[in-house]
Amino acid sequence: MSDAPSTTLPAPTRTPSLLTSKAPPRPKPSFVSVATAGGTVALVLLVAIGHALDQTVLIPPLAASAALVFAAPTLPLAQPRNVIGGQLVSALTGFVVLAAAGSSVWASAVAGGLAIGAMALARTAHSPAAATAVIVVVAQPSALLFLALLLLATVVIVGVGVLAGRTGRTARYPTYWW
């Protein structure tokens, strides 16, 4: 054996490229049917609640929240803590920015960015919720009413998600509560 250093380098580990990586397998039809039905039921319930209260309850970020809860129920972003907490933290962030800077596209962009940081600090990351902060600054809703309706809406989405997760056709939801 020689004391000379080896000139052979270990083979580099291959990381998949964008061209060789594959999408995850297609979900089973039973999963798709429960996810579709659950998401539809949750969103229609939000419209029905809004109609009964003569208020807008279904806002676009809640449809995105439903997509996470029903189509990706095991992701951390889809867990109740993140759905409910992330939406509320982001809305509060939006109201703080609205109070400090008023309503403008610039302020709405700042609110969305600050909401990302606020959710990270609160350990409630939920990507659709950043849009809720933007909506607060742009729409300037009544704070108490908006927060109450947002809480109700997120609880409805999570509640329907719990029911869907008990069908045995999807992953059990939630993976954790808090």
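Residues numbered from 1 in each chain as written. Predicted model: local features only at pLDDT ≥ 70, side-chain atom pairs only at ≥ 80, totals over all residues. Heavy atoms only, no water.

> Can you explain the packing of helix α3 (residues 80-101) against helix α4 (residues 105-122)? Please cite residues and give values.
It is at 8 Å that the axes of α3 and α4 come closest, and there the two elements cross at 140°. When the axis of α3 is compared with that of α4, the two are oblique. The element α3 and its partner α4 pack so that their crossing is right-handed. Of the residues in α4, those in contact with Arg81, Gly86, Val89, Ser90, Thr93, Gly94, Val97 and Ala101 of α3 are Ala107, Ala111, Leu114, Ala115, Ala118, Met119 and Ala122. Taken together, the residues of the contact of α3 with α4 break down into 10 nonpolar, four polar and one charged. (Axes fitted to C-alpha atoms, helices over the stretch in contact; angles between N-to-C directions. Helix = DSSP H or I, 4+ residues; strand = E, 2+ residues; numbered from the N terminus. Parallel < 35°, antiparallel > 145°, perpendicular 65-115°, else oblique. Left-handed = near helix turned anticlockwise from the far one by under 90°. Contact = heavy atoms within 4.5 Å. Nonpolar A, V, L, I, M, F, W, Y, C, P; charged D, E, K, R; others polar.)

> Which residues make up the nonpolar core, and what are the values?
Counting residues in each nonpolar core, the largest one holds 35 residues, and the members touching the most others are Leu46, Leu62, Phe70, Phe146 and Ile157. The set of elements that each furnish at least two residues to this core consists of α1 (29-53), α2 (60-71), α3, α4, α5 (127-139) and α6 (143-165). Top element by residues in this core is α6. It accounts for 11 residues. Filtering out sequence-adjacent residues up to four positions away, phenylalanine 146 remains in contact with Ile59, Ala91, Phe95, Thr132, Val136 and Pro141. (Core = buried A, V, L, I, M, F, W, Y, C linked by side-chain atoms within 4.5 Å. Buried < 20%, exposed > 50% of the residue type's maximum accessible area, 1.4 Å probe, protein only.)

> Describe in detail the UniProt feature "transmembrane region" (unreviewed entry) in the protein, supporting the description with residues and values.
According to UniProt, the feature "transmembrane region" (unreviewed entry) maps to residues 31-52, 58-77, 89-122 and 142-164 in the numbering used here. In the segment residues 89-122, helix accounts for 91% and strand for 0%; the C-alpha atoms at its two ends are 8 Å apart. Note that residues 142-164 is 96% helix and 0% strand, and that its end C-alpha atoms are spaced 33 Å apart. (UniProt positions renumbered as here; feature names shortened; annotations may be inferred.)

> Can you tell me about unusual backbone geometry, naming the residues and giving the values?
In the segment running from tyrosine 173 into proline 174, the intervening peptide bond is cis, with an omega of 0°. Residue placement: proline 174 occurs in the segment after α6. Not every positive phi belongs to a glycine, and aspartate 54 is a case in point at roughly 55°. Mapped onto the fold, aspartate 54 is located in the loop between α1 and α2. For aspartate 54, a relative accessible area of 69% gives the class exposed. In the Ramachandran plot, arginine 123 falls in the positive-phi region, its phi being about 55° despite a non-glycine side chain. For arginine 123, the position within the fold is in the loop between α4 and α5.

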